[in-house]
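# Observations on the model geometry
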Amino acid sequence: MFIDKAQIFIKSGKGGDGCLSFHREKFKPYGGPDGGNGGRGGSVVMIADYNLTTLLDLRKNPHYTAKNGEQGSGNNCVGKSAGDLIIKVPIGTIVRREGSVIADLTKNNQTVILANGGRGGRGNASFKSSRNTAPRINEKGQPGEEWVAELELKLIADVGIIGYPNAGKSTLLSVISAAKPKVADYPFTTLVPNLGVVGFHGKSLVFADIPGLIEGAHQGKGLGGEFLRHIERTKLLIHLIDSCGYGQKDAYATFLAVNKELEQYSPQIAFKKQIIALNKIDLPDSVESLKSFKRHRKKVFPISAVTGKGIKELLAEVFKESARIKPVLIQDDVAKPVYYKYTPAFEVHKSEEGFVITGRKVTDLVEMTNFSEQESVDRLQKILKSIGIEKSLSDHGAVHGDIVKVGKYEFTYEKLSK
Ligand SMILES: Nc1nc2c(ncn2[C@@H]2O[C@H](COP(=O)(O)OP(=O)(O)OP(=O)(O)O)[C@@H](O)[C@H]2O)c(=O)[nH]1
Ligand SMILES: [Mg+2]
């Protein structure tokens, strides 16, 4: 099934806790600190893979949690780092966070780190200094990051094949590439876009065949409109026309109708270069039809997708034109570059119960503190003071005894001596 939108929940692994330990050996009563650092938590990494064509699997399995790092241990043993969690997506996947594009994976194996694994906490051996030769300080691992990624797939194709239903678009794709789309003698055979790689004199281009377009497609009639965004990135279009027309419409009327839809849907697509091909010229009626079409448009490629007539000429033109045209950037994505929001180290808010401090730097710092050791707690207080939290709290009107919340921890505010 072709699914082009999905929402996934990602969470990187927490770093392993650092260890608090002292070297113990017979006849060596004052062995130094030897608590090792924790290992790094796993990151969540996304990779574009040309074998995939749908976001269906991600829609079905929307939770991605990387493993935590292992804790450090005595004897300076460093905890094992966790491996990264890899999410594979089709080429053309766009990743958004709260509406802003943060990645656009347009090439095979292109990689983006969506959430960094937490750093391993330092063991007490790391806090040894000339002033403190036996520190009872160790950090816990840094928490992982957690957020919701909105994914959208916009197929990456160089050439789009558009036209009325039943014009022979899928037939054409099936004869010029190895793709095997469904072909049948009724409209709306193609329900989702098909991709095929077309080789020509040592060069190759990706062609996309989308469902047929009819009047009202831009308002959701038929299926074509919904898939138009998959040809937004193409360099040019083959506008394929059934020489016998469609229902009451002759070939030229279907041509006009499709172009009108494109204009309504997106000027960006309507302005794309179109190479016009009149199909099914193996049928007797096509001779007249070609003549009358040429009264409106001179440059037309008469072809038969079934007999292969005219296809070489058509491809020669497509490859020639495509070499001239620069790759297309999506307006939507260009208009919304990612600006990493400036986030202060912390923010103090007054709440009903007291005060709340937010900001990753501080919440991580608290989360990484080993509260069972007074020395670790003293270190935390020193850092909080040095980054100005104490002052900010008192500026916000905090008085001795007020409750201060940081993440899931609660403290009582006491003014430290200067
Ligand atoms: N005689 C003749 N028939 C053709 C030719 N090309 C396609 N057909 C027939 O036209 C019918 C429609 O072909 P498709 O390739 O399914 O058409 P489509 O444009 O993909 O149609 P939708 O997916 O419904 O939009 C099929 O019965 C094909 O066999 C051709 O060159 N000559
Ligand atoms: Mg088709």
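Please read these numbers as outputs of a predicted model, since none were measured by experiment.

## Description of the overall build of the chain
Within the chain one finds 11 helices and 18 strands. The C-alpha atoms of the chain give a radius of gyration of 31 Å, which is well past the 22 Å a tight globule of 418 residues would have. Overall, the C-alpha framework of the chain stretches about 105 × 50 × 35 Å when taken along its three principal axes. Counting over 418 residues, the chain shows a buried share of 47%. In the chain, 71% of the contacts between residues at least 6 apart in sequence involve partners at least 24 apart.

## A few points about the pattern of salt bridges
One pass over the full model with this rule turns up 21 salt bridges. One salt bridge connects Lys249 with Glu215, and the closest N-O pair in it is separated by 2.9 Å. One end of the pair, Lys249, is in the loop between strand S12 (236–242) and helix H4 (251–265); the other, Glu215, is in the loop between strand S11 (203–209) and helix H3 (224–227), with 34 residues separating them in the sequence. One salt bridge connects Arg324 with Glu321, and the closest N-O pair in it is separated by 2.6 Å. With a gap of three residues between them, Arg324 and Glu321 both fall in helix H7 (residues 311–324), about one helical turn apart. Residue Glu321 is classed as buried on the basis of its relative accessible area of 6%. Salt bridges here are not isolated pairs; linked through shared partners, they connect Asp4, Arg96, Glu152 and Arg229.

## Some points on the packing of aromatic side chains
The final tally for this structure, using the stated rule, is seven aromatic pairs. Seen from their ring centres, Phe200 and Phe319 are 5.3 Å apart, and the 35° between their planes marks the pair as tilted. In this pair, Phe200 is assigned in strand S10 (residues 194–200) and Phe319 in helix H7, connecting sequence segments 119 residues apart. Phe319 shares its class with Phe200; the two are buried. By way of ring pairs, the aromatic residues Tyr252, Phe255 and Phe293 are connected into one cluster.

## Considerations on the sheet that holds strand S4 (residues 85–89)
The three strands lie next to each other as S4-S2-S7, forming an open sheet whose pairing is mixed. Edge positions in the open sheet fall to S4 and strand S7 (111–115), since each of these has one partner strand only. The mean angle between the axes of side-by-side strands here comes to 30°, regardless of whether they run parallel or antiparallel. For strand S2 (residues 44–48) and S4, the ladder comprises five bridges, and the chain directions are parallel. Along S4, the bridge assignment pairs Val45 with Ile86.

## Comments concerning the sheet that holds strand S15 (residues 347–350)
Strand order in the open sheet formed by four strands is S15-S16-S17-S18, with mixed pairing between adjacent strands. Both outer strands of the open sheet, S15 and strand S18 (409–412), are each paired with one neighbouring strand and no more. Put simply, the sheet's adjacent strands are angled 25° from each other on average, direction ignored.

## Observations regarding helix H10 (residues 374–386)
The terminal C-alpha atoms of H10 lie 18 Å apart, and with 13 residues this matches the ideal 18 Å at 1.5 Å per residue to within 8%. Buried within H10 we find Ser376, Val377, Leu380 and Leu384. Viewed end-on, H10 has its buried residues packed into an arc of 100°, placing them on one side of the element. In H10, the exposed residues that point more than 90 degrees away from the buried face are Gln374, Lys382 and Ser386. Check the buried side of H10 and you find it contacts helix H9 (360–367) and helix H11 (389–395).

## Regarding the site of ligand 1
Close to ligand 1 lie 23 residues; Lys169, Thr171, Phe188, Thr189 and Thr190 are nearest. A distance of 2.8 Å is found between an oxygen atom of ligand 1 and a backbone nitrogen or oxygen belonging to Phe188. Ser304 is positioned with one of its side-chain polar atoms (N or O) 3.3 Å from an oxygen atom of ligand 1. In the complex, the protein chains occlude 89% of the 650 Å² of accessible area that ligand 1 would expose alone. Here the shell around ligand 1 is built from residues that sort into 10 nonpolar, nine polar and four charged.

Conventions used here
- Residues numbered from 1 in each chain as written.
- Chains lettered and ligands numbered in written order.
- Predicted model: local features only at pLDDT ≥ 70, side-chain atom pairs only at ≥ 80, totals over all residues.
- Heavy atoms only, no water.
- Helix = DSSP H or I, 4+ residues; strand = E, 2+ residues; numbered from the N terminus.
- Rg over C-alpha atoms; globule rule 2.2 N^0.38 Å.
- Buried < 20%, exposed > 50% of the residue type's maximum accessible area, 1.4 Å probe, protein only.
- Contact = heavy atoms within 4.5 Å.
- Salt bridge = Lys/Arg side-chain N within 4 Å of Asp/Glu carboxyl O.
- Phe/Tyr/Trp six-rings, centres within 6.5 Å; stacked < 30°, edge-to-face > 60°.
- Pairing = 2+ DSSP bridges.
- Axes fitted to C-alpha atoms, helices over the stretch in contact; angles between N-to-C directions.
- Expected span 1.5 Å × (residues − 1).
- Arc of directions from axis to C-beta.
- Near = heavy atom within 4 Å.
- Polar contact = N/O pair within 3.5 Å; in protein donor to acceptor, adjacent residues only side chain to side chain.
- Areas by Shrake-Rupley, 256 points an atom, 1.4 Å probe, with all protein chains shown as cover.
- Nonpolar A, V, L, I, M, F, W, Y, C, P; charged D, E, K, R; others polar.

These figures come from the coordinates and say nothing about function on their own.
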